[in-house]
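An overview of the molecular structure
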Amino acid sequence: MSAEFQHREAITIPARYGKAVRLKQGEAVQVINLHGTQVVDCWAYNAEDVSEYMCMEATRVWNQRLNPKVGDSFITSQRHPILTLVADTSPGVHDTFMAACDARRYELLGCTEPHRNCHDNLFEGMRELGVTLPHGNLASFNIFMNIQVQPDGITLKTLPVVTKPGDYIVLRAEMDCFVAFSACPQDIVSIQGQGDNTPRDAELRILTSGFPQVQLKGAWVPA
């Protein structure tokens, strides 16, 4: 699995929990779907000013795509590239539409006891790095999540992931940044693969070299 990539650290994201890493500009993070079944939510923040954050709305405008392909960048709330997708061995099925799960989401799903959730995992992961975020952010990049636009062009359908064990993506840092991840705890809505809807571990590797180098593209402008 990606033996050619040089990494300085490997980190397990325990099932239902979150982790965050700090990347230097030019480094990358590899997100590995160890079991092929797990959705991993992702956020990114400018390390010099965490009020500037990876923004799904600005990203869709920049790329003119609903979901990213290799070579596409993720864009901040200040319209600067922060991460670029440089490798993807999965079928390329990811999501930028669906809000991260939070405590209220599980209340609406009928949970009467506290339930682990991606939004809390974001804050927990960042606190482990000594970072306090100024506000929440439900707009995550949902890696490996399978949300299909239906033929009517407006309806969305939620389906289980379609990856296989060991599939991964690689995100290159375009600025010094914090990148947070959550091995999604969702076990009510059927999004985790293989039919049992059981959250499982994923793995992160902080890469220093050996990963693909794709050219940073500019913003889309009309012809």
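My aim in this report is to walk through the structure given alongside it, one point at a time.

Conventions used here
Residues numbered from 1 in each chain as written. Predicted model: local features only at pLDDT ≥ 70, side-chain atom pairs only at ≥ 80, totals over all residues. Heavy atoms only, no water. Helix = DSSP H or I, 4+ residues; strand = E, 2+ residues; numbered from the N terminus. Buried < 20%, exposed > 50% of the residue type's maximum accessible area, 1.4 Å probe, protein only. Contact = heavy atoms within 4.5 Å. Arc of directions from axis to C-beta. Lys, Arg positive; Asp, Glu negative; His and termini not counted. Salt bridge = Lys/Arg side-chain N within 4 Å of Asp/Glu carboxyl O. Phe/Tyr/Trp six-rings, centres within 6.5 Å; stacked < 30°, edge-to-face > 60°. Lys NZ or Arg CZ within 6 Å of the ring centre and 35° of its normal.

A closer look at the environment of Leu85
Take Leu85: it is sitting in strand S6 (residues 81-88). For Leu85, a relative accessible area of 0% gives the class buried. Residues Leu85 and Ser140 lie 55 residues apart in sequence; the distance between their C-alpha atoms is 15 Å. Ignoring any residue separated from it by four or fewer positions in sequence, one finds Leu85 in contact with Pro68, Lys69, Val70, Gly71, Asp72, Ile169, Val170, Leu171 and Val214.

Considering helix H1 (residues 56-63)
Among all positions in H1, only Met56, Ala58, Thr59, Trp62 and Asn63 are buried. Take H1 and look down its axis: the buried residues cluster within an arc of 160°, on one side only. Elements that come into contact with the buried residues of H1 comprise strand S5 (73-75), S6 and strand S7 (141-143). Gln64 sits one or two residues past H1 and shows a positive phi near 55°.

Describing the side chain of Asp102
Looking at where Asp102 falls in the secondary structure, it is placed in the loop between S6 and helix H2 (103-108). Buried charge without a partner: Asp102 forms no salt bridge, and the closest opposite charge is Arg105, 6.7 Å away. Beyond its immediate chain neighbours, meaning those up to four positions away, Asp102 contacts Asn117, His119 and Leu138.

Quick look at the packing of aromatic side chains
When we look at a pair of aromatic rings, we describe it by the centre distance and by the angle of the planes. A full pass over the atoms with the stated rule returns two aromatic pairs. Ring plane angle 85° and centroid distance 5.8 Å describe the contact between Phe5 and Tyr168, whose orientation is recorded as edge-to-face. Placement of Phe5 in the segment before strand S1 (6-13) and of Tyr168 in strand S10 (residues 167-173) is noted, with a sequence separation of 163 residues between them. By relative accessible area, Phe5 is classed as buried at 6%. Between Phe74 and Phe141 the ring centres are 4.5 Å apart and the planes differ by 45°, which places this aromatic pair in the tilted class. With Phe74 in strand S5 and Phe141 in strand S7, this residue pair connects regions lying 67 residues apart in the sequence. One exposure class covers both Phe74 and Phe141, and it is buried. Stacked on the ring of Tyr17, the Lys or Arg Arg116 has its end atom at 3.7 Å from the ring centre.

What is shown is where atoms sit, not what they do.
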